[in-house]
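# Coordinate analysis (summary)
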Amino acid sequence: MTLLRYLHLDVFAATLGGGNHLGVVIGAGDWSDEAMQRFARWTALVETTFLLPPTAPKASYRVRIFTPHKEIPFAGHPSIGSAHAALACGMAEPRDGLLWQECGAGVLPIRVEGSGASRELLLQSPGERVLETGRAAHPLLPAALAGIELGVLPPALVDGGRRWWLAEVADEASLRAWQPDHAAVGALARASDSMGLCAFARSHRPDYQLVVRAFPAGVGIVEDPASGAANGLIAAYIAHAEPRGTLARGYQVSQGREIGHDARLLVQIDGTSIWVGGRSHTVIDGTLDWDPRVA
């Protein structure tokens, strides 16, 4: 049995250990779907990815993304982390400043800016659709928003690779102190076939302009420390609603401090294109002793 390379990453971290965990397996091209799922269940990480040779002509590499329970077509921090791993292991090189990631959502561009420890990777978010807006958009939404004062933009159900309820909160302090009813968020997520609720508030601090808290109860997670796909939907919603606003060209996000993390995400808005990303750090680079044939 061949030993495979395995990376454990800290994705979107503002400070060491502040980001989102990601496990990346490199070289598992002969593993079955069941073997990949079994390993992802064992890691118990929010997502584990498998880097594979591309099948699409334009792609730099292919990635398969697994939660402990199922394979998913797309997610933000697994895409950024997998791109970091592809560069780290020499599996891909940028072409005109871009990597092209093949995944279940298609072939998506990833912008490469800088090099070394300061390198930023930004994923172009899939197109989004606003499905519903307003506090009365769903009968279970008011209970999920109980105990918080809303901000300028109305709550919205937005779909773009993954489906989230988005809600702007009146101010940063209120959002950071909020103790949401997680059972109510879970009920809303299940009833609307969504990831859950992602709340955000504007900030005037020099190092970030938006605070985000994400509650993906639809996949069994209480709170996520760093959410690439959800932040892409927030950026698209803000850019659509406030095309001449102070955030319409981009901003920085603080996420995860309420659960002991410290994530930083970078948002760039190029006309109708939304790019979300940040830095990744390889914490563990080793070999994987795992027999995919064992049931």
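Just above sits the structure.
Residues numbered from 1 in each chain as written. Predicted model: local features only at pLDDT ≥ 70, side-chain atom pairs only at ≥ 80, totals over all residues. Heavy atoms only, no water.

### Topic: the pattern of salt bridges
What counts, and what does not: Salt bridges are identified by distance alone: a Lys or Arg side-chain nitrogen within 4 Å of an Asp or Glu carboxyl oxygen. Runs of E in the DSSP output that reach at least two residues are strands. Runs of H or I that reach at least four are helices, and both are numbered from the N terminus. For every residue, the accessible area obtained with a 1.4 Å probe (protein chains only) is divided by the maximum for its type, and the residue is called buried under 20%, exposed over 50%, and partly exposed between those limits.
Under the criterion given, the structure shown has 18 salt bridges. Across the pair arginine 129 and aspartate 159 runs a salt bridge, and its minimum N-O distance is 3.4 Å. Pair noted here: arginine 129 is in strand β9 (residues 129-133) and aspartate 159 is in strand β10 (residues 156-160), with a separation of 30 residues, a long-range link. Take aspartate 159: its relative accessible area is 16%, and that puts it in the buried class. For the salt bridge of arginine 202 with glutamate 242, the shortest nitrogen-to-oxygen distance reads 2.8 Å. Of this pair, arginine 202 sits in strand β12 (residues 197-202) while glutamate 242 sits in the loop between α6 (228-241) and β14 (250-255), placing them 40 residues apart in sequence. Looking at glutamate 242, the relative accessible area reads 18%, which means it is buried. Among the charged side chains, a network of salt bridges with common partners joins Glu172, Arg176, Arg205, Arg213, Glu223 and Glu258.

### Here's the deal with the side chain of histidine 138
To keep it simple, the criterion reads: Distance and chemistry together define a polar contact, namely a pair of N or O atoms within 3.5 Å, with one atom able to donate a hydrogen and the other to accept it when in protein, and with adjacent residues in sequence counting only for side-chain atoms on both sides. Whether two residues touch is decided by their heavy atoms; if any such pair falls within 4.5 Å, the residues are in contact.
Position of histidine 138 among the secondary structure elements: in the loop between β9 and α3 (141-144). Residue classification places histidine 138 among the buried residues on the basis of a relative accessible area of 16%. A polar contact of 3.0 Å, which involves the side chain of histidine 138, links it to the backbone nitrogen of leucine 140. Ignoring sequence-local partners within four residues, the contact set of histidine 138 consists of Trp165, Leu188, Ala191 and Ser192.

### Focus: the packing of aromatic side chains
To describe a pair of aromatic rings, one takes the distance between the centres and the angle between the planes. Threshold: Working definition: rings of Phe, Tyr and Trp (its six-membered ring) pair if their centres are within 6.5 Å, and the pair is stacked with planes under 30 degrees apart, edge-to-face with planes over 60 apart, and tilted otherwise. Think of it as a cone above the ring: NZ of Lys or CZ of Arg counts as a charge over the ring if it is within 6 Å of the ring centre and within 35 degrees of the ring normal.
In this structure the tally under the stated criterion is nine aromatic pairs. Three or more aromatic residues link up through ring pairs in this structure, and these residues are Tyr6, Trp31, Phe39, Trp42, Phe50, Phe66 and Trp290. Here the basic side chain of lysine 58 rests over the ring of tryptophan 100, its NZ or CZ set 3.6 Å away from the ring centre. Over the aromatic face of tryptophan 275 sits the side chain of arginine 111, whose NZ or CZ is 4.0 Å from the ring centroid.

### A look at helix α1 (residues 33-43)
Because an α-helix completes one turn every 3.6 residues, residues spaced three or four positions apart along the sequence face the same direction. Those residues of α1 lying buried are Ala35, Met36, Gln37, Arg38, Phe39, Ala40 and Thr43. Where α1 is buried, its residues contact β1 (4-11), β2 (20-26), β3 (48-52), β4 (61-66), β5 (71-72) and β17 (280-288). Immediately beyond the C-terminal end of α1, within one or two residues, lies alanine 44, with a positive phi of roughly 60°.

### Side note on the pairing of β3
Operational definition: Crossover handedness is defined here as right-handed if the route from the first strand over the helix to the second strand goes clockwise, with the strands pointing away from the viewer. Strand pairing is defined by DSSP finding a minimum of two bridges between the two strands.
Within β3, five of the five residues are buried, which leaves it mostly tucked inside the rest of the structure. The side-chain alternation of β3 yields two buried faces, one formed by Thr48, Phe50 and Leu52 and the other by Thr49 and Leu51. The handedness of the β2 to β3 crossover, carried by α1, is right-handed. One ladder, built from five bridges, connects β3 with β4; its direction is antiparallel.

### Examining α6
Heads up, the rule is: In this analysis, the expected span of each helix is defined as 1.5 Å times one less than the number of residues it contains.
With 14 residues, α6 should reach 20 Å at 1.5 Å per residue; the first-to-last C-alpha distance of 20 Å fits that figure. Buried within α6 are the following residues: Gly228, Ala229, Ala230, Asn231, Gly232, Leu233, Ile234, Ala235, Ala236, Tyr237, Ile238 and Ala239.

### What to know about the state of the cysteines
Going by this rule: Note on disulfides: each one is a pair of cysteine sulfur atoms within 2.5 Å.
Here the structure, examined in full by the defined rule, presents zero disulfides. The cysteine cysteine 89 is free of any disulfide, with cysteine 103 supplying the nearest cysteine sulfur at 17 Å. The cysteine cysteine 198 is free of any disulfide, with cysteine 103 supplying the nearest cysteine sulfur at 20 Å.

### Re the layout of surface pockets
What counts, and what does not: Using a grid of 1 Å spacing that covers the protein atoms alone, one calls a set of points a cavity when a 1.4 Å probe fits there but cannot get out, and a pocket when the set is open and has protein on both sides within 12 Å along at least five of seven lines; lining residues are those with an atom within 4 Å of a point. Grid points are joined across faces, edges and corners, and a volume is the space filled by probe spheres set on the points. Throughout this entry, Asp, Glu, Lys and Arg are counted as charged residues, while Ala, Val, Leu, Ile, Met, Phe, Trp, Tyr, Cys and Pro are counted as nonpolar. The remaining residues, Gly among them, count as polar.
Roughly 300 Å³ of internal volume is contained in the largest pocket. Surrounding the largest pocket, 15 residues form its lining, Lys70, Asp193, Ser194, Met195 and Val219 being those nearest its centre. Listed by contribution, the elements that provide at least two residues to the lining of the largest pocket are β5, β11 (162-168) and α5 (182-192). Broken down by class, the residue content of the lining of the largest pocket amounts to six nonpolar, three polar and six charged. Leu45, Val46, Glu47, Thr67, Pro68, His69, Lys70, Arg162, Val219, Gly220 and Ile221 together form the lining of the second largest pocket. Across the lining of the second largest pocket, the residue classes tally to five nonpolar, three polar and three charged.

### Some details on the nonpolar core
To keep it simple, the criterion reads: By convention a nonpolar core is built from buried Ala, Val, Leu, Ile, Met, Phe, Trp, Tyr and Cys residues, the set being connected through side-chain atoms within 4.5 Å.
Judged by nonpolar contacts, the single largest core of 57 residues is most densely connected at Tyr61, Leu166, Leu210, Ile234 and Tyr251. At nine residues, α6 tops the list of elements feeding residues into this core. Contacts of leucine 166, omitting those with residues within four sequence positions, involve Pro155, Ala156, Val158, Cys198, Phe200, Leu233, Ile234 and Tyr237. Among the nonpolar cores identified, the runner-up in size contains 19 residues, and Ala137, Ala144, Trp178 and Val185 belong to it.

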